[in-house]
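Each chain is listed here by its residues.
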Amino acid sequence: MSSGWTAPEENTLGVILGRRNRRGVPTASTAGRAMRQASARGASLGTGYLGTGASVLAAVQGVHGIAMFLSHAGAYPRLLPIALAWFLYALALVGVAISIATRGERMSNWMFAVFLLVLAGVVALDFTAIWPMHDIGRFATASVSVGFGLLVALALRRGLEILIAALLLGAAMVTAIVLNTPLNDQTLPAQILAVVLCIAPSIVGLYVVRWFRRIVQLELDRVLVQSTVSAPRFAVGMLASEELARLDLAAEELLDSVATGRTELPLTPKTASVAASLATELRLHLIEGRRETWLYHAITESEQLGKSVTLTDRGSLAGLLNPVQRDGLLSAVWLLVSDKRKGASTAQVTLGPVTALPDPVTKMITVPVVMTTTGVARNRVDPATWDAIGKVGRFVDSTQNSSLRVEIDCMVANPADQ
């Protein structure tokens, strides 16, 4: 970035940038509010729908497990333990479903502990029922279904907790197999399948939830960044707008209290200090708004662009671009650095300096825009990227250090005529 500019403390998703962490964020600040909202229960970017799907999957697998149990019912020495195991398993799933319907998408620590204890009881009862049969992998039904039952809590608890529970279940299954089942060519495949069914559902589920959240966050980030294309040439950032509204409300309340006589003059030292702080913060925001362009805020406040794009715009020329050119430039930069197939892709965007005189006929000036990338091969660039670059202006592309370099002549209105 240009020298003298200070990056914001957070991006569009409320992620704290730099060395500051959650403990150093004031609770009343915009960053603090954003982090509280992001960490609140239920603020899971729609992963509750994945939890519903996981519950349906667990129920379907449970029906299959019951069918397997009934098909081997004649071989069980005792039916009471396995029947009780299935009753507890169904009770656990129904209990979680009722809790979500009444309390919302949340699972407290004690509820999760009870859920795990019930599932542990299911495993113990299932092992008790099939232990005399000396073939855990073949006859285990309810205990294998527990691996799918953990998916019910997938969107309600931390992924590490679900993973630990799945690994403990797998370890219990392996221990029972080693202690009870003679391993040979006939019994080994069923034992391996049972262990995999205990662990694999949670691992796959965690992978899906992780990438689902990542996709939603990227799309949300893109939408928020897109709002900058209609901003004035110099403006405060997206997050600073909320802070300005707060400061403006506080200042209006203070002035109104003085005007109506609720606050007596002269001001007390405490009230005077509050007024001075408000004035200082408002002044700083107004100064920032006169030197930072829409493109600066779009890059620095974005989760995706902030870590991959470097901007050099000492003349604040990005503010001269019209909305169509802004949209094209932002889309091109986003597409160049967001394709995961390219690996660690980065881009450096340089605007200016303006060297050519204004066109005497159109009264337009040419702003040179140079995009230099790393890790972006020219033959891997999406056609939509070229369309976006074409919206900015006439361009010439080349290869530099095996990566793409684009030089654009962007025609904008002469600010001297405005």
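Starting afresh in each chain, residues are numbered from 1 along the sequence in its written order. Per-residue local features of the predicted model are confined to residues with pLDDT of at least 70, and side-chain atom pairs are confined, for both listing and counting, to 80 or more; whole-chain, interface and lining totals are unaffected and use all residues. Heavy atoms throughout the structure, all of them, feed into the side-chain values; hydrogens and water do not.

Caption draft 1: Expanded view of the overall build of the protein chain. Scanning the protein chain from terminus to terminus reveals 13 helices and 5 strands. Relative accessibility decides the category of a residue: with a 1.4 Å probe and only protein chains considered, values under 20% of the type maximum give buried, values over 50% give exposed, and everything between is partly exposed. Burial status across the protein chain gives 43% buried among its 418 residues. Sequence-distant contacts, at least 24 apart, represent 74% of the contacts inside the protein chain between residues at least 6 apart. Carbon and sulfur atoms make up 64% of the accessible area of the protein chain, which amounts to about 22,100 Å² in all. By the criteria applied, helices consist of DSSP H or I runs no shorter than four residues and strands consist of E runs no shorter than two, each listed in order from the N terminus. Residue contacts are defined here by distance: any two heavy atoms, one from each residue, within 4.5 Å place the two residues in contact. Each accessible area is a Shrake-Rupley estimate made with a 1.4 Å probe; only the visible protein chains count as cover when residues are assessed.

Caption draft 2: Region of interest: the sheet that holds strand E1 (residues 309-312). Strands qualify as paired when DSSP identifies two bridges or more between them. Strands sit in the order E1-E2-E3-E5-E4 across an open sheet of 5 strands; the sheet is mixed. The open sheet has two edge strands, E1 and strand E4 (394-400), and neither has a second partner. Each neighbouring strand pair of the sheet contributes to a mean axis angle of 15°, computed without reference to strand direction. Sheet analysis places strand E3 (residues 364-374) next to strand E5 (residues 403-413), joined by 9 bridges and oriented antiparallel. What sits directly across from Val367, in E5, is Cys410. Taken strand by strand, helix H12 (residues 323-338) contacts E1, strand E2 (346-351), E3 and E5, and its axis lies near 10° from that of E3. Fitted lines through C-alpha atoms give the axes, limited to the stretch in contact for helices. The angle between two N-to-C directions lies from 0 to 180 degrees.

Caption draft 3: Molecular detail of a nonpolar patch on the surface. Taken together, the side chains of Trp131, Val174, Val178 and Leu179 define a hydrophobic patch exposed on the protein surface, amounting to about 400 Å² of accessible area. By the secondary structure assignment, Val178 is in helix H7 (residues 159-180). Given the relative accessible area of 58%, Val178 is considered exposed. What makes a patch is a set of residues exposed beyond 30% relative accessible area and free of salt bridges, joined within 9 Å when like-charged and within 5 Å when nonpolar (Val, Leu, Ile, Met, Phe, Trp, Tyr). One speaks of a salt bridge when a side-chain nitrogen belonging to Lys or Arg is within 4 Å of a carboxyl oxygen belonging to Asp or Glu.

Caption draft 4: Up close: unusual backbone geometry. Cis geometry is found at the peptide bond from Gly352 to Pro353, where omega equals 0°. By secondary structure assignment, the location of Pro353 is in the loop between E2 and E3. Unusually for a residue other than glycine, Ser316 sits at a positive phi of about 55°. Here Ser316 is to be found in the loop between E1 and H12.

Caption draft 5: Highlighting the UniProt feature "transmembrane region" (unreviewed entry) in the protein chain. UniProt positions are given in the numbering used here, feature names are shortened, and annotations may be inferred rather than shown by experiment. What UniProt calls "transmembrane region" (unreviewed entry) maps, in this numbering, to residues 43-67, 79-98, 110-130, 136-156, 163-182 and 188-209. The annotated region residues 136-156 carries 57% helix and 0% strand content, and the separation between its end C-alpha atoms amounts to 31 Å.

Caption draft 6: Looking closely at the packing of aromatic side chains. A pair of Phe, Tyr and Trp rings is counted when the ring centres sit within 6.5 Å of each other, with Trp represented by its six-membered ring. The angle between the planes then sorts it: under 30 degrees is stacked, over 60 is edge-to-face, the rest tilted. Considering all chains together, one arrives at 4 aromatic pairs under this definition. Pairing Trp86 with Tyr89 gives two aromatic rings, centres 5.8 Å apart and planes at 85°, and the pair type is edge-to-face. In this pair, Trp86 and Tyr89 are both assigned in helix H3 (residues 80-103), 3 residues apart and thus about one turn of the helix distant. Like Tyr89, Trp86 is buried.

Caption draft 7: View of the environment of Thr362. For Thr362, the position within the fold is in the loop between E2 and E3. Separated by 50 residues in the primary sequence, Thr362 and Val412 place their C-alpha atoms 10.0 Å from one another.

Caption draft 8: Here's a closer look at the packing of H3 against helix H6 (residues 142-149). Direction vectors running N to C along H3 and H6 enclose 10°, while the axes themselves pass 10 Å from each other. Considering the angle they form, H3 stands roughly parallel to H6. Along the contact surface, H3 presents Ile82, Ala85, Trp86, Tyr89 and Leu93, while H6 presents Ala142, Ser145, Val146, Phe148 and Gly149. Nonpolar residues are Ala, Val, Leu, Ile, Met, Phe, Trp, Tyr, Cys and Pro. Charged residues are Asp, Glu, Lys and Arg, and all others, Gly as well, are polar. In the contact of H3 with H6, the residues fall into 8 nonpolar, 2 polar and no charged. An angle below 35 degrees is read as roughly parallel, one above 145 as roughly antiparallel, one from 65 to 115 as roughly perpendicular, and any other as oblique.

Caption draft 9: A look at the pattern of salt bridges. All told, the structure shown has 6 salt bridges when counted by the stated rule. Close ionic contact of Glu161 with Arg158 constitutes a salt bridge, the shortest N to O distance being 3.5 Å. In this structure Arg158 comes out as exposed when scored by relative accessible area, which is 58%. Between Glu303 and Arg214 there is a salt bridge whose closest N-O contact spans 4.0 Å. In this pair, Glu303 sits in the loop between helix H11 (294-300) and E1 while Arg214 sits in helix H8 (residues 188-226), placing the two residues 89 residues apart along the sequence.

Caption draft 10: Local environment of the nonpolar core. Judged by nonpolar contacts, the single largest core of 48 residues is most densely connected at Tyr89, Phe115, Ile130, Ile136 and Met173. At the level of secondary structure, the elements contributing two or more residues to this core comprise helix H2 (47-71), H3, helix H4 (109-130), helix H5 (136-139), H6, H7 and H8. It is H4 that provides the largest number of residues to this core, a total of 9 residues. Not counting residues up to four positions away in its chain, the partners in contact with Ile136 are Phe127, Ile130, Trp131, Met173, Ala176, Ile177, Asn180, Thr181 and Gln191. Residues enter a nonpolar core if they are buried and are Ala, Val, Leu, Ile, Met, Phe, Trp, Tyr or Cys, with the set joined through side-chain atoms within 4.5 Å. Residues Val309, Leu320, Ala347 and Trp386 belong to the second largest nonpolar core, which totals 39 residues.

Caption draft 11: Broad picture of the environment of Trp334. Mapped onto the secondary structure, Trp334 falls in helix H12. On a C-alpha basis, the gap between Trp334 and Gln304 in space is 8.1 Å, while along the polypeptide they are 30 residues apart.

Caption draft 12: Focus on H8. By this rule, a helix spans an expected 1.5 Å times one less than how many residues it contains. In a regular helix each residue adds 1.5 Å, so 39 residues correspond to 57 Å; H8 covers 56 Å between its end C-alpha atoms and thus fits that length. For H8, the principal kink sits at Ile199 and spans about 35°; a proline, Pro201, occurs within the next four residues. Bend at a residue means the angle formed by two fitted axes: the first through the 7 residues ending at that position, the second through the 7 residues beginning there.

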